[in-house]
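# A look at the structure
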2 protein chains.
Amino acid sequence: MGDEKIHWRSGCPISSALDVVGDRWTILIIRDLIIYGTRTYSEFLDSPEKISTNILADRLSLLTSLKLIERTQPEAAARNNAFRLTKSGAALRPVLLGLGKWSHTHLKPFHADIVKIH
Amino acid sequence: MGDEKIHWRSGCPISSALDVVGDRWTILIIRDLIIYGTRTYSEFLDSPEKISTNILADRLSLLTSLKLIERTQPEAAARNNAFRLTKSGAALRPVLLGLGKWSHTHLKPFHADIVKIH
DNA sequence: CCGCATCCGTTACGATACTG
DNA sequence: CAGTATCGTAACGGATGCGG
(Lines give C-alpha, C1' and ligand atoms only; values in the text may rest on other atoms or scores of the structure.)
Protein backbone atom coordinates (compact mmCIF):
# COMPACT_ATOMS: atom_id res chain seq x y z
CA MET A 1 0.00 0.00 0.00
CA GLY A 2 2.58 2.57 -0.92
CA ASP A 3 4.63 2.43 2.25
CA GLU A 4 7.03 -0.14 0.89
CA LYS A 5 10.57 1.05 1.32
CA ILE A 6 12.01 3.44 -1.18
CA HIS A 7 15.09 2.33 -3.07
CA TRP A 8 17.62 5.13 -2.79
CA ARG A 9 19.80 4.84 -5.86
CA SER A 10 22.60 7.03 -4.54
CA GLY A 11 23.44 9.72 -2.01
CA CYS A 12 22.94 12.48 -4.57
CA PRO A 13 20.21 14.84 -3.36
CA ILE A 14 18.75 15.28 -6.83
CA SER A 15 18.63 11.55 -7.35
CA SER A 16 17.04 11.11 -3.92
CA ALA A 17 14.40 13.71 -4.68
CA LEU A 18 13.57 11.77 -7.83
CA ASP A 19 13.39 8.55 -5.84
CA VAL A 20 10.44 10.21 -4.08
CA VAL A 21 8.75 12.51 -6.59
CA GLY A 22 10.33 11.33 -9.85
CA ASP A 23 7.34 9.69 -11.44
CA ARG A 24 4.48 10.93 -13.59
CA TRP A 25 1.96 11.44 -10.82
CA THR A 26 3.41 12.48 -7.48
CA ILE A 27 4.22 16.04 -8.48
CA LEU A 28 0.75 16.43 -9.98
CA ILE A 29 -0.79 15.58 -6.62
CA ILE A 30 1.42 18.17 -4.98
CA ARG A 31 0.51 20.63 -7.72
CA ASP A 32 -3.17 20.11 -6.96
CA LEU A 33 -2.53 20.81 -3.29
CA ILE A 34 -0.27 23.83 -3.84
CA ILE A 35 -1.94 25.52 -6.77
CA TYR A 36 -5.53 24.43 -6.88
CA GLY A 37 -6.28 23.78 -3.22
CA THR A 38 -7.42 20.24 -3.87
CA ARG A 39 -8.08 18.41 -0.63
CA THR A 40 -10.11 15.23 -0.96
CA TYR A 41 -9.60 11.94 -2.73
CA SER A 42 -12.38 12.55 -5.22
CA GLU A 43 -11.12 16.04 -5.98
CA PHE A 44 -7.76 14.56 -6.96
CA LEU A 45 -9.59 12.14 -9.24
CA ASP A 46 -11.23 15.09 -10.97
CA SER A 47 -7.96 16.59 -12.19
CA PRO A 48 -7.74 16.70 -15.98
CA GLU A 49 -4.89 14.16 -16.15
CA LYS A 50 -7.20 11.45 -14.74
CA ILE A 51 -5.09 9.52 -12.28
CA SER A 52 -6.46 6.07 -11.52
CA THR A 53 -7.71 5.18 -8.07
CA ASN A 54 -5.05 2.65 -7.15
CA ILE A 55 -2.18 4.92 -8.14
CA LEU A 56 -3.72 7.82 -6.23
CA ALA A 57 -4.20 5.77 -3.07
CA ASP A 58 -0.65 4.45 -3.36
CA ARG A 59 0.91 7.91 -3.77
CA LEU A 60 -1.15 9.50 -1.01
CA SER A 61 0.02 6.75 1.29
CA LEU A 62 3.65 7.20 0.27
CA LEU A 63 3.53 10.98 0.61
CA THR A 64 1.94 10.62 4.02
CA SER A 65 4.61 8.24 5.23
CA LEU A 66 7.29 10.67 4.06
CA LYS A 67 5.42 13.51 5.76
CA LEU A 68 4.96 15.66 2.68
CA ILE A 69 1.22 15.59 3.31
CA GLU A 70 -0.98 14.73 6.27
CA ARG A 71 -4.63 14.14 7.04
CA THR A 72 -6.53 17.07 8.42
CA GLN A 73 -8.32 14.85 10.96
CA PRO A 74 -6.20 11.78 11.61
CA GLU A 75 -8.80 10.29 13.95
CA ALA A 76 -11.85 10.78 11.76
CA ALA A 77 -13.25 8.31 9.27
CA ALA A 78 -11.90 8.30 5.75
CA ARG A 79 -14.98 9.84 4.18
CA ASN A 80 -14.76 12.90 6.37
CA ASN A 81 -11.10 13.33 5.68
CA ALA A 82 -8.93 15.54 3.59
CA PHE A 83 -5.24 16.02 2.95
CA ARG A 84 -3.07 19.06 3.33
CA LEU A 85 0.57 19.83 2.71
CA THR A 86 3.09 19.80 5.50
CA LYS A 87 5.90 22.36 5.57
CA SER A 88 8.01 19.79 3.80
CA GLY A 89 5.56 19.35 0.95
CA ALA A 90 4.86 23.06 0.67
CA ALA A 91 8.60 23.65 0.31
CA LEU A 92 8.36 22.14 -3.16
CA ARG A 93 6.47 25.18 -4.39
CA PRO A 94 9.45 26.93 -6.01
CA VAL A 95 10.35 23.72 -7.82
CA LEU A 96 6.84 23.41 -9.25
CA LEU A 97 6.71 27.05 -10.26
CA GLY A 98 10.11 26.66 -11.92
CA LEU A 99 8.89 23.62 -13.83
CA GLY A 100 5.79 25.46 -14.97
CA LYS A 101 7.76 28.46 -16.09
CA TRP A 102 10.29 26.33 -17.95
CA SER A 103 7.52 24.43 -19.61
CA HIS A 104 5.72 27.52 -20.73
CA THR A 105 8.89 28.97 -22.21
CA HIS A 106 10.55 25.94 -23.76
CA LEU A 107 7.85 23.39 -24.51
CA LYS A 108 5.49 25.65 -26.45
CA PRO A 109 6.99 24.70 -29.85
CA PHE A 110 6.11 21.07 -29.19
CA HIS A 111 2.81 21.53 -27.42
CA ALA A 112 0.98 24.66 -28.48
CA ASP A 113 -1.88 24.10 -26.07
CA ILE A 114 0.11 24.80 -22.94
CA VAL A 115 -1.69 27.37 -20.86
CA LYS A 116 -0.58 29.56 -18.04
CA ILE A 117 -1.42 28.76 -14.46
CA HIS A 118 -4.04 31.18 -13.13
CA MET B 1 13.50 4.70 -30.56
CA GLY B 2 12.64 7.47 -28.17
CA ASP B 3 11.21 9.88 -30.70
CA GLU B 4 7.77 8.36 -30.51
CA LYS B 5 5.26 11.08 -29.86
CA ILE B 6 4.78 12.29 -26.36
CA HIS B 7 1.33 11.93 -24.88
CA TRP B 8 0.43 15.33 -23.42
CA ARG B 9 -1.98 14.59 -20.63
CA SER B 10 -3.31 18.14 -20.36
CA GLY B 11 -2.52 21.76 -21.15
CA CYS B 12 -1.13 22.36 -17.67
CA PRO B 13 2.50 23.48 -17.95
CA ILE B 14 3.56 21.46 -14.91
CA SER B 15 1.91 18.36 -16.26
CA SER B 16 3.52 18.97 -19.64
CA ALA B 17 6.94 19.35 -18.07
CA LEU B 18 6.41 15.99 -16.38
CA ASP B 19 5.35 14.47 -19.68
CA VAL B 20 8.92 15.21 -20.79
CA VAL B 21 11.14 14.95 -17.71
CA GLY B 22 8.80 13.21 -15.26
CA ASP B 23 10.50 9.85 -15.00
CA ARG B 24 13.30 8.45 -12.89
CA TRP B 25 16.13 9.02 -15.37
CA THR B 26 15.74 12.06 -17.61
CA ILE B 27 16.52 14.62 -14.93
CA LEU B 28 19.55 12.62 -13.86
CA ILE B 29 20.94 12.88 -17.39
CA ILE B 30 20.38 16.62 -17.29
CA ARG B 31 21.96 16.74 -13.84
CA ASP B 32 25.06 15.03 -15.22
CA LEU B 33 25.29 17.62 -17.98
CA ILE B 34 24.61 20.64 -15.77
CA ILE B 35 26.47 19.73 -12.62
CA TYR B 36 29.15 17.22 -13.50
CA GLY B 37 29.95 18.16 -17.07
CA THR B 38 29.26 14.67 -18.36
CA ARG B 39 29.39 14.58 -22.15
CA THR B 40 29.71 11.10 -23.63
CA TYR B 41 27.56 8.01 -23.61
CA SER B 42 30.00 6.02 -21.50
CA GLU B 43 30.36 8.86 -19.02
CA PHE B 44 26.59 8.80 -18.45
CA LEU B 45 26.82 5.05 -17.87
CA ASP B 46 29.41 5.68 -15.16
CA SER B 47 27.05 7.71 -12.97
CA PRO B 48 26.41 6.08 -9.60
CA GLU B 49 22.73 5.38 -10.31
CA LYS B 50 23.71 2.99 -13.12
CA ILE B 51 21.28 3.67 -15.92
CA SER B 52 21.04 0.83 -18.40
CA THR B 53 22.14 1.24 -21.97
CA ASN B 54 18.75 1.00 -23.65
CA ILE B 55 17.13 3.55 -21.35
CA LEU B 56 20.04 5.93 -21.81
CA ALA B 57 19.91 5.69 -25.59
CA ASP B 58 16.15 6.18 -25.54
CA ARG B 59 16.29 9.28 -23.32
CA LEU B 60 19.17 10.86 -25.21
CA SER B 61 17.18 10.42 -28.38
CA LEU B 62 14.07 11.95 -26.83
CA LEU B 63 15.95 14.89 -25.32
CA THR B 64 17.62 15.51 -28.66
CA SER B 65 14.34 15.55 -30.53
CA LEU B 66 12.92 18.03 -28.02
CA LYS B 67 16.09 20.12 -28.34
CA LEU B 68 17.08 20.03 -24.70
CA ILE B 69 20.42 18.59 -25.76
CA GLU B 70 22.33 18.34 -29.01
CA ARG B 71 25.37 16.58 -30.43
CA THR B 72 28.57 18.56 -30.48
CA GLN B 73 29.42 17.29 -33.97
CA PRO B 74 26.24 16.28 -35.74
CA GLU B 75 28.10 15.10 -38.84
CA ALA B 76 30.72 12.99 -37.09
CA ALA B 77 30.50 9.30 -36.29
CA ALA B 78 28.80 8.25 -33.08
CA ARG B 79 32.01 7.16 -31.37
CA ASN B 80 33.55 10.59 -31.74
CA ASN B 81 30.50 12.34 -30.46
CA ALA B 82 29.37 14.02 -27.30
CA PHE B 83 26.27 15.78 -26.05
CA ARG B 84 25.79 19.22 -24.65
CA LEU B 85 22.87 21.18 -23.29
CA THR B 86 20.97 23.65 -25.40
CA LYS B 87 19.67 26.86 -23.88
CA SER B 88 16.41 25.06 -23.31
CA GLY B 89 18.02 22.25 -21.36
CA ALA B 90 20.28 24.57 -19.41
CA ALA B 91 17.21 26.54 -18.35
CA LEU B 92 16.30 23.62 -16.10
CA ARG B 93 19.20 24.46 -13.80
CA PRO B 94 17.16 26.33 -11.17
CA VAL B 95 14.67 23.46 -11.04
CA LEU B 96 17.47 20.96 -10.37
CA LEU B 97 19.10 23.15 -7.77
CA GLY B 98 15.73 23.59 -6.10
CA LEU B 99 15.17 19.85 -6.06
CA GLY B 100 18.59 19.27 -4.56
CA LYS B 101 18.10 21.87 -1.90
CA TRP B 102 14.66 20.54 -1.00
CA SER B 103 16.02 17.04 -0.81
CA HIS B 104 18.87 18.00 1.43
CA THR B 105 16.54 19.81 3.79
CA HIS B 106 13.51 17.56 3.88
CA LEU B 107 14.64 14.05 2.96
CA LYS B 108 17.49 13.72 5.45
CA PRO B 109 15.30 12.05 8.12
CA PHE B 110 14.50 9.26 5.68
CA HIS B 111 17.85 8.92 3.97
CA ALA B 112 20.74 9.93 6.16
CA ASP B 113 23.32 9.37 3.44
CA ILE B 114 22.28 12.32 1.33
CA VAL B 115 25.31 14.43 0.56
CA LYS B 116 25.67 17.95 -0.69
CA ILE B 117 26.51 18.71 -4.28
CA HIS B 118 30.13 19.94 -4.49
C1' DC C 1 -21.97 7.44 -2.05
C1' DC C 2 -16.64 7.86 -0.90
C1' DG C 3 -12.26 5.91 -0.10
C1' DC C 4 -9.84 2.73 -1.12
C1' DA C 5 -8.19 -2.66 -2.38
C1' DT C 6 -7.97 -6.28 -5.80
C1' DC C 7 -7.66 -8.29 -10.10
C1' DC C 8 -5.62 -8.36 -14.59
C1' DG C 9 -4.13 -6.95 -19.25
C1' DT C 10 -0.76 -3.79 -21.09
C1' DT C 11 3.19 -1.01 -21.06
C1' DA C 12 7.65 0.51 -19.32
C1' DC C 13 11.74 -0.65 -17.19
C1' DG C 14 16.22 -3.02 -16.30
C1' DA C 15 19.95 -6.55 -16.88
C1' DT C 16 22.47 -8.70 -20.03
C1' DA C 17 24.14 -10.24 -24.50
C1' DC C 18 25.24 -8.84 -28.76
C1' DT C 19 26.60 -5.93 -33.15
C1' DG C 20 28.93 -2.27 -36.20
C1' DC D 1 32.64 2.76 -27.75
C1' DA D 2 27.89 3.63 -28.94
C1' DG D 3 24.37 1.79 -29.29
C1' DT D 4 20.41 -2.42 -30.44
C1' DA D 5 17.83 -6.97 -29.37
C1' DT D 6 15.91 -9.80 -26.23
C1' DC D 7 13.37 -11.07 -22.38
C1' DG D 8 12.02 -11.36 -17.53
C1' DT D 9 10.06 -8.24 -14.11
C1' DA D 10 7.82 -4.30 -12.15
C1' DA D 11 4.77 -0.45 -12.70
C1' DC D 12 0.84 1.36 -14.65
C1' DG D 13 -4.15 1.86 -15.80
C1' DG D 14 -8.91 0.56 -16.14
C1' DA D 15 -12.62 -2.07 -14.20
C1' DT D 16 -14.74 -3.65 -10.48
C1' DG D 17 -15.78 -4.90 -5.66
C1' DC D 18 -16.54 -3.77 -0.98
C1' DG D 19 -16.66 -1.79 3.65
C1' DG D 20 -18.02 2.26 6.41
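What comes next concerns the included structure.

Conventions used here
Residues numbered from 1 in each chain as written. Chains lettered and ligands numbered in written order. Predicted model: local features only at pLDDT ≥ 70, side-chain atom pairs only at ≥ 80, totals over all residues. Heavy atoms only, no water. Least-squares fit on C-alpha atoms with pLDDT ≥ 70 in both. Helix = DSSP H or I, 4+ residues; strand = E, 2+ residues; numbered from the N terminus. Buried < 20%, exposed > 50% of the residue type's maximum accessible area, 1.4 Å probe, protein only. Contact = heavy atoms within 4.5 Å. Near = heavy atom within 4 Å. Polar contact = N/O pair within 3.5 Å; in protein donor to acceptor, adjacent residues only side chain to side chain. Salt bridge = Lys/Arg side-chain N within 4 Å of Asp/Glu carboxyl O. Nonpolar A, V, L, I, M, F, W, Y, C, P; charged D, E, K, R; others polar. Expected span 1.5 Å × (residues − 1). Arc of directions from axis to C-beta.

## Examining the relation of the copies chain B and chain A
Here chain B sits on chain A after a turn of 180° about the axis and a move of 0.0 Å along it, with an RMSD of 0.0 Å. The relationship between the two copies is best expressed as a two-fold rotation axis. Considering only C-alpha atoms, the part of chain B nearest the rotation axis is D23 of chain B, at 2.4 Å.

## A short note on the environment of I35 of chain A
Relative to the helices and strands, I35 of chain A resides in helix α2 (residues 26–36). Of the residues examined, I35 of chain A reaches a relative accessible area of 16% and is grouped as buried. Separated by 82 residues in sequence, I35 of chain A and I117 of chain A have C-alpha atoms that sit 8.4 Å apart. Setting aside residues up to four positions removed in sequence, I35 of chain A forms contacts with L97 and I117 of chain A together with I14 of chain B.

## Digging into the protein's contact with DNA strand C
Not every one of the 18 residues close to DNA strand C is listed here, only the nearest: S42 and T53 of chain A together with W25, N54 and R59 of chain B. Take the atoms of DNA strand C that sit within 4 Å of the protein: sugar and phosphate atoms are 60% of them. The side chain of T53 of chain B places a nitrogen or oxygen atom 3.4 Å from a base oxygen of DNA strand C. In the model, a phosphate oxygen of DNA strand C is placed 2.6 Å from a nitrogen or oxygen of the R59 of chain B side chain. Broken down by secondary-structure element, the contributors of at least two residues to the surface near DNA strand C are α3 (41–45) and α4 (53–65) of chain A together with α4 (53–65) of chain B.

## Quick notes on the pattern of salt bridges
All names here are of chain A. Under the counting rule described, the total for this entry stands at 12 salt bridges over all chains. For the salt bridge of R9 with D19, the shortest nitrogen-to-oxygen distance reads 2.7 Å. Placement of the pair is R9 in the segment before α1 (13–21) and D19 in helix α1, with a sequence separation of 10 residues. Residue classification places R9 among the buried residues on the basis of a relative accessible area of 14%. The buried category is assigned to D19, whose relative accessible area is 3%. E70 is the partner of R84 in a salt bridge, and the nearest nitrogen-oxygen pair spans 2.9 Å. One end of the pair, R84, is in strand β2 (residues 83–85); the other, E70, is in strand β1 (residues 69–71), and 14 residues separate them in sequence. E70 gets classed as partly exposed once you look at its relative accessible area, which sits at 32%. Through salt bridges with shared partners, a single network forms among D23, D58 and R59.

## Notes on the protein's contact with DNA strand D
Near DNA strand D there are 16 residues, and of these W25, N54, R59 and R79 of chain A together with T53 of chain B occur at the shortest range. Backbone atoms, meaning sugar and phosphate, form 50% of the atoms of DNA strand D found within 4 Å of the protein. The contact in question runs from a phosphate oxygen of DNA strand D to an N or O atom on the side chain of S42 of chain B, over 2.9 Å. T53 of chain B has a polar side-chain atom sitting 2.7 Å from a base oxygen of DNA strand D. Secondary structure elements with two or more residues in the surface near DNA strand D: α4 of chain A together with α3 (41–45) and α4 of chain B. With four residues, α4 of chain A is the largest single contributor of residues to the surface near DNA strand D. Split into classes, the residues belonging to the surface near DNA strand D amount to five nonpolar, seven polar and four charged.

## A closer look at helix α6 (residues 93–106) of chain A
Every α-helix carries 3.6 residues per turn, so stepping three or four residues along brings you back to the same face. Residues and elements named next belong to chain A. In this model α6 runs 20 Å from its N-terminal to its C-terminal C-alpha over 14 residues, within 8% of the 20 Å that 1.5 Å per residue would give. By the burial criterion, the buried members of α6 are V95, L96, L99, G100, W102 and S103. Buried residues in α6, looked at end-on, bunch into an arc of 165°, giving them a common side. Summarising the geometry of α6, the exposed residues directed more than 90 degrees from the buried face are P94, K101 and T105.

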